[in-house]
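The chain contents come next:
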Amino acid sequence: MARKRKPITKNTPKQSLTEQEKQAATFFERTLYKDAITGYKNLLKIENRDEWTQKIAQAYLLQSLDMAKQKLYQNAIVSWEKYAQISDEQQAVEKYLIWLSYGKHYIKIARFSTNKTQILDKSVESWIHNLLAVALLAGEDKITTILTADNPVIAHYQMAKSALHAYCEQDRSALETSLKQIPFRSPYKDFRVILKGLVSMETDRDAAIILFNKIPDNSPYLSFVKLCQLQGLSEPEHLKFYARLGQHGRSFIQTSSGLNKVQITFLKKCQRLFTHYTDKQALEIVMKNRILLGQQRSDYFALSLLPFYPAGKHLVQSTVFMSVFDKQRLKTLVLEKEKNLCLIRNNWYRCLEILEEKNLSEEILTRALIMRHMINFMDKTDNDDINEIINLLSKSLELDPKDKACYLQLIEFLKKQNKTKELAIWLIKALQHYPDDVDILMLLVSESMKKRVFKKAVTFAKKVLKVDPINQQARHALINCHISHARKLINNDKYKLAEKELVLTETVEKGKQSNGLLSIIRGLLAFKTGDKKHCYSLVEQGLNLEKNDLCGHFRLTIEILNLGLSVATVSRSCPKLNKKYQAEKNDLIALASLIGSYHQENNIFINKAFENIKVIFKQSLIKKQSHFSADELENLCYSLNTFQNFEMLGFVANIALKVFSKKIIFNYYQVYSKCNGNIKNITDHDAYNLDRVLIDATDNGINDPRGVAKIRDLLIDYENNQSLSWINEENNDYDNHFPPIAKLFELGLDMGKFIKINHEVSEMNEQELFKFLFDGKNPSLIDTLKFKSHGEEKFQQLILEKILEKSGINKKNVKSLNLDALESILLGTE
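Residues numbered from 1 in each chain as written. Predicted model: local features only at pLDDT ≥ 70, side-chain atom pairs only at ≥ 80, totals over all residues. Heavy atoms only, no water.

Thoughts on the overall build of the chain
And step 1. Of the regular secondary structure elements, the chain holds 49 helices and zero strands.
And step 2. Split into buried and exposed, the 830 residues of the chain put 45% on the buried side.
And step 3. Expressed as a percentage of contacts within the chain between residues at least 6 apart in sequence, the contacts between residues at least 24 apart total 57%.
And step 4. Surface summary for the chain: the accessible area is close to 47000 Å², and the carbon and sulfur share equals 51%. (Helix = DSSP H or I, 4+ residues; strand = E, 2+ residues; numbered from the N terminus. Buried < 20%, exposed > 50% of the residue type's maximum accessible area, 1.4 Å probe, protein only. Contact = heavy atoms within 4.5 Å. Areas by Shrake-Rupley, 256 points an atom, 1.4 Å probe, with all protein chains shown as cover.)

Okay, structure coming up:
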């Protein structure tokens, strides 16, 4: 039995007037407006006070707003009208009118608009006129008995009605005449736009949509506009909207779209599917209506859906012809959905073989796309896989040479593998197809600068600026080219030509970023020619143009080294850095940025130049450590790590850990600096501590994703290195039985890959093991029996041979190895 609600205590004669007022006020504050209204009404029976009357009015108003939030619009209307009877303020009039429109109380709205005591805002008055115009067009004729003849809703109605009649009769001339008669500020102005859009829809849908989009969001015509936009049901979202319409809305779409009975029946069957459907329902209804929907499109849909609903294969095969390629592709896509990484690659290769055998010109693009798709399932960190990726991308571009993204991807992998010859070839090919592409040209600039072919780099950079004059990266590259060329000429004692390059730099340079550098190089050029006095003034000028003394003297030192000069000798002719100088936080950040720019140029003197300012850097950082944020210290660590200054990296990481102990990326940098970037030097103690850091971070909810990723990768590398060390230690006991394990690495064994494949094999059943031996293909019954006849021991050895083959060792080399004793060690590495 439901528990009865405890009734709220009502006022009794025993309560004093003060107590009753206090109780009514409490109800009001707790938003119990119904009880507050009752309480204040009871008070008014005892004594008539204006403040209580106003409280009742406020309660009715707030109650109406509260009900509207709950979408109880009829109740909200009643409550607001009671408020309006009591109060002269008439707040929330616009909301009241909107609630009336939701309930289609057009008569009330019309009467409200004619009430001369109501002073309405012009925008509200215009909205009311538009709303009543829509209602009148929809058949609400009673409005005409309330509104006067001079009201624009009535005055312009016949014009709009004539235009609508002309549209229905398809009389374009009469329609144009009627539309021109509707005034610009008429409540039917949006209707005029809609009729123009409907006419355009017949010949130019895009033009019609542009017209429909001119209707403002607050227009009462908006619902009708949305119906008009649905004509043709061209978008999936249109179908969903159609499915939610009532009978009148659907009838309008069906008629205006010119649908026949067969199409209408089909839409009726599909109505539920438009909002929610299963793959099975979608496939069945498409296959049953292939003729209506178009056979080619239906078949394409069916073949696209099968990987997600393999059970529908029999339904599709009974209707759609599936080629050998279609079946193989379907099988491979199912494997993708199941994330069966062992078999995906081989199955895609089988798809390519089928297409290559057919050798049809129309399948060339399909082959290229498959090759590009295959790289999604390859290890981007494994050298063998990267080489295979390069091969696939190269072949795909030979088939389909117009794919910029593919060129960029291939170039990136070639750079990663240091394949300079192939990189040069593919850069030229990319340029041939995309001669004015900024991304391709900037790659050519970068590669030309690496090869120190500065004239070519300048040509490409200028071409970029011709295409994109405000490209700062190209402008900066052009400046660097001229300066780098000037350095090269100075080193070759070609001073006049070097000065010409520096002049060219000035013409390109528009900011002050490299002004200090130019003066410093000119000063060093003066030193080379024996003009030490001029050297001092030019270098001083350059140092003053730098962001701070630390950056200036770092730049000076590295440029002295770039020009093959002695730092100690040249420094005698240059201004000195004050040893008591204290750099500010921004100075240290600017220095990190400057070092980063030299690192991008692959400068080899960064660490040597840093030695000259190391002491000041340390002292400044200790003094200013509390001024740095965690991100700023992390950026400093990143900068020091890029040029492998492990001493300073450890120094900054230790300071950062004192200030930001919860930022675990500093634990990574601390350990990485201790081992000098070499995994082999990590101690067990440090590895254990890093493991604890990860556990504590998880337990305490510390959010440092970069730190977590860095530490995990470091620990994985550490564990892999430990596995290799263990194998090499055990290797000595088996020297008489098989070649040393080190020999396997010489033959190309990738131990990380071996461990991964070995783990996958250990999870396979007998059938999967046979498929593994046959590279993903199902062996025949004869082959299976033949393998089983060799016995379990031989079968295991064949598995091991296949694992080694897939881990990088050539098949011939695998067959030449004596694996009897090796098996117990390798298969135990996991």
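Some words on unusual backbone geometry
And step 1. At Asp493, a residue that is not glycine, the phi angle is positive and equals roughly 60°.
And step 2. Along the chain, Asp493 turns up in the loop between helix 29 (472–491) and helix 30 (495–508).
And step 3. According to the relative accessible area criterion, Asp493 is exposed, its value standing at 51%.
And step 4. A positive phi angle, near 55°, is found at Gln644, a position not held by glycine.

What to know about the nonpolar core
And step 1. Formed by 133 residues in total, the largest nonpolar core has its most connected members in Phe554, Leu591, Phe610, Phe617, Leu621 and Val652.
And step 2. If we ignore the near neighbours within four places in the chain, the residues touching Phe554 are Leu591, Leu594, Ile595, Tyr598, Ile606, Ala609, Phe610 and Ile613.
And step 3. In this structure, Met67, Leu132, Met201 and Val225 belong to the second largest nonpolar core, which totals 63 residues. (Core = buried A, V, L, I, M, F, W, Y, C linked by side-chain atoms within 4.5 Å.)

Considerations on the side chain of Lys624
And step 1. Tracing the sequence through the fold places Lys624 in helix 37 (residues 614–624).
And step 2. By relative accessible area, Lys624 is classed as buried at 16%.
And step 3. Polar contacts involving the side chain of Lys624 include one to the side chain of Glu584, which spans 3.4 Å.
And step 4. If near-sequence neighbours (up to four positions away) are discounted, Lys624 is found in contact with Ala583, Glu584 and Lys585. (Polar contact = N/O pair within 3.5 Å; in protein donor to acceptor, adjacent residues only side chain to side chain.)

Description of the pattern of salt bridges
And step 1. Summed over all chains, the structure comprises 26 salt bridges.
And step 2. Taking the shortest distance from any N to any O, the salt bridge between Asp439 and Lys404 comes out at 2.7 Å. Here Lys404 lies in helix 25 (residues 404–416) and Asp439 lies in helix 27 (residues 438–450), a separation of 35 residues in the sequence.
And step 3. With relative accessibility at 39%, the residue Asp439 sits in the partly exposed group.
And step 4. For Lys404, a relative accessible area of 23% gives the class partly exposed.
And step 5. Put simply, Lys802 and Glu805 hold a salt bridge, and the shortest N to O gap is 3.6 Å. (Salt bridge = Lys/Arg side-chain N within 4 Å of Asp/Glu carboxyl O.)

A look at the packing of aromatic side chains
And step 1. If you walk through the whole model with that rule in mind, you get 14 aromatic pairs.
And step 2. With centroids separated by 6.1 Å and ring planes inclined at 75°, the aromatic side chains of Phe554 and Tyr598 adopt a geometry described as edge-to-face. Taken together, the residues Phe554 in helix 33 (residues 549–562) and Tyr598 in helix 35 (residues 585–600) connect sequence positions 44 residues apart.
And step 3. What makes Phe554 buried here is its relative accessible area of 0%. (Phe/Tyr/Trp six-rings, centres within 6.5 Å; stacked < 30°, edge-to-face > 60°.)

A short note on helix 9 (residues 157–168)
And step 1. Helix length check: helix 9, at twelve residues, gives a terminal C-alpha distance of 17 Å against a target of 16 Å (1.5 Å per residue), a fit within 8%.
And step 2. Of the residues making up helix 9, those classed as buried are Tyr157, Ala160, Ala163, Ala166 and Tyr167.
And step 3. A positive backbone phi angle near 60° is found at Gln170, which sits one or two residues after helix 9. (Expected span 1.5 Å × (residues − 1).)

Examining the packing of helix 6 (residues 106–114) against helix 7 (residues 122–137)
And step 1. Where helix 6 meets helix 7, the closest approach of the two axes is 11 Å, and the angle between their N-to-C directions is 140°. Relative to helix 7, helix 6 is oriented so that their crossing is left-handed. In contact with Tyr106, Ile109, Ala110 and Ser113 of helix 6, helix 7 contributes Ile128, Leu131, Leu132 and Ala135. (Axes fitted to C-alpha atoms, helices over the stretch in contact; angles between N-to-C directions. Left-handed = near helix turned anticlockwise from the far one by under 90°.)

Some points on the environment of Lys161
And step 1. Mapped onto the elements of the fold, Lys161 is located in helix 9.
And step 2. Classification of Lys161 as partly exposed rests on a relative accessible area of 41%.
And step 3. In this structure the C-alpha to C-alpha distance between Lys161 and Leu136, which are 25 residues apart in sequence, comes to 9.9 Å.

A closer look at helix 1 (residues 17–29)
And step 1. Its 13 residues place the ends of helix 1 18 Å apart at the C-alpha level, agreeing with the 18 Å of an ideal helix rising 1.5 Å per residue.
And step 2. All buried positions along helix 1 are accounted for by Gln20, Gln23, Ala24, Phe27 and Phe28. Viewed end-on, helix 1 has its buried residues packed into an arc of 145°, placing them on one side of the element. Seen from the open side of helix 1, the exposed residues pointing more than 90 degrees away from its buried face are Thr18, Lys22 and Glu29.
And step 3. Lining the buried residues of helix 1 we find helix 2 (33–46) and helix 3 (50–69).
And step 4. With its phi angle positive at about 60°, Thr31 sits one or two positions after the end of helix 1. (Arc of directions from axis to C-beta.)

Topic: the packing of helix 3 against helix 4 (residues 73–86)
And step 1. Remark: helix 3 packs on helix 4, axes separated minimally by 8 Å, with the N-to-C direction vectors making an angle of 160°. Taken together, helix 3 and helix 4 sit at an angle that is classed as roughly antiparallel. In the crossing of helix 3 with helix 4, the sense of the turn from one axis to the other is left-handed. Touching Thr53, Ile56, Ala57, Tyr60, Leu61, Gln63, Ser64, Met67 and Ala68 of helix 3 are Tyr73, Asn75, Ala76, Ser79, Trp80, Lys82, Tyr83 and Ile86, all from helix 4.
And step 2. The class makeup of the residues in the contact of helix 3 with helix 4 is eleven nonpolar, five polar and one charged. (Parallel < 35°, antiparallel > 145°, perpendicular 65-115°, else oblique. Nonpolar A, V, L, I, M, F, W, Y, C, P; charged D, E, K, R; others polar.)

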